Every structure is written in structure tokens, then in C-alpha cells.
Amino acid sequence: MLTQAEQDALISILMNDMDLYKFGVFLSLYTGIRVGELCALKWEDFDTTQTTLKISKTMQRIQDTENGSLSKTKIVITEPKSQCSVREIPLPTFVTDISRQFVSNPKSYILTGSDRYVEPRIMQNRFKSYINASGISDANFHALRHTFATRCVEVG
């Protein structure tokens, strides 16, 4: 979990010349979504009029057991492991406002604005670079989920 000071430092880095990767981290911080859920998100899951985000997919790298496969692993996009993980998340107005500068084709991935995805490992590496730039000693992507939950509890 990030302290309020660490969260403020991270937000400062994210807001400086924000791109789709930074927006993804920003979105995760204010929704508590998992990195696999973020990587599987498309703009069609983002409802700017209702200000909600629909989570119905997740992305993960798994072992490729198919005969003749050239690689040992592969990316799969599936429904989340539990039905509780399929949900609609209300978005703060300021998150929706920021999203408007990036919205593109409904079928495109949020992190690229195209039909190509970004895999979770790449997103975690980007996150680490933002953490380092903000002077935070150490945190992983999942810390955003815990930070979101803590801030929700703090405000009741």
C-alpha cells in the first residue's frame, strides 16, 4: 500500500505528460483493478456517459502445453476466475474527464489505442519506472489495489 505522500508523488509523475500507460496506472489507482484486468480492458468497457468501467476479462501469461509450440508460454484473455470479479466500477468524474483525451475505437485496448495488447509483465515494468521516478522506495502493481481499498475505507 502507498502512503498518501507516496500516492501524491506517483500522481505527480503520472500527470506529467500523461500517455496511455500512465493513464492505465492512474485508472488502476482510482479503481483498484488488477494488472491483468487493466491489460484486457478495451474502450468498449469504459462508459463515459454512465461513468462506469465494466470488468469482464483478465489477461495472463500461462504455460503453453500444445504440441509443437515454439514458445513455452502464451497470453490468454479469459473471464476472471470468480464471478465476483466480474463487476461494474463507478468512476470518479475527474478520471472520466482525463479519459476523454485518450478514448478511441471501442474495440481497441485502452493501453494502446489499437488492436494490440500490452501484457501484464510489460505494464508492471512501466509501473516500476514510475515508482522509481517518484522516489518511492519499493512497491508492486498490486499495491495500487490495496491503496485504493485503504482510501475507500478512510473516506467511509
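Thresholds applied
Residues numbered from 1 in each chain as written. Predicted model: local features only at pLDDT ≥ 70, side-chain atom pairs only at ≥ 80, totals over all residues. Heavy atoms only, no water. 1 Å grid on protein atoms, 1.4 Å probe; cavity = no way out; pocket = protein on both sides within 12 Å on 5 of 7 lines; lining within 4 Å. Points joined across faces, edges and corners; volume = space filled by probe spheres on them. Helix = DSSP H or I, 4+ residues; strand = E, 2+ residues; numbered from the N terminus. Pairing = 2+ DSSP bridges.

Our next topic: empty space enclosed by the protein. The gaps left among the atoms become clear once a water-sized probe is rolled over them. Under the defined criterion, the tally for this structure stands at one cavity of 30 Å³ or more. In terms of lining residues, the largest cavity is bounded by Glu-37, Ala-40, Leu-41, Asp-45, Lys-54, Ile-55, Ser-56 and Lys-57. Looking at the lining of the largest cavity, the elements that each hand over two or more residues are helix H3 (35-40) and strand S2 (52-55).

With that settled, the discussion passes to the sheet that holds S2. Taken in spatial order, the three strands make up an open sheet running S1-S2-S5, and their pairing is antiparallel. Single-partner strands in this sheet number two, and they are strand S1 (46-47) and strand S5 (87-90). Pairing of S2 with S5 involves four bridges; the strand directions are antiparallel. Its bridge partner lying in S5, Thr-52 is registered against Pro-90.

Now for the layout of surface pockets. Its boundaries defined by the atoms lining it, the largest pocket holds a volume of some 320 Å³. Arg-34, Val-35, Gly-36, Thr-58 and Met-59 are the residues nearest the centre of the largest pocket, which is lined by 21 residues in total. Of all the elements, strand S3 (residues 58-63) adds the most residues to the lining of the largest pocket, at four residues.

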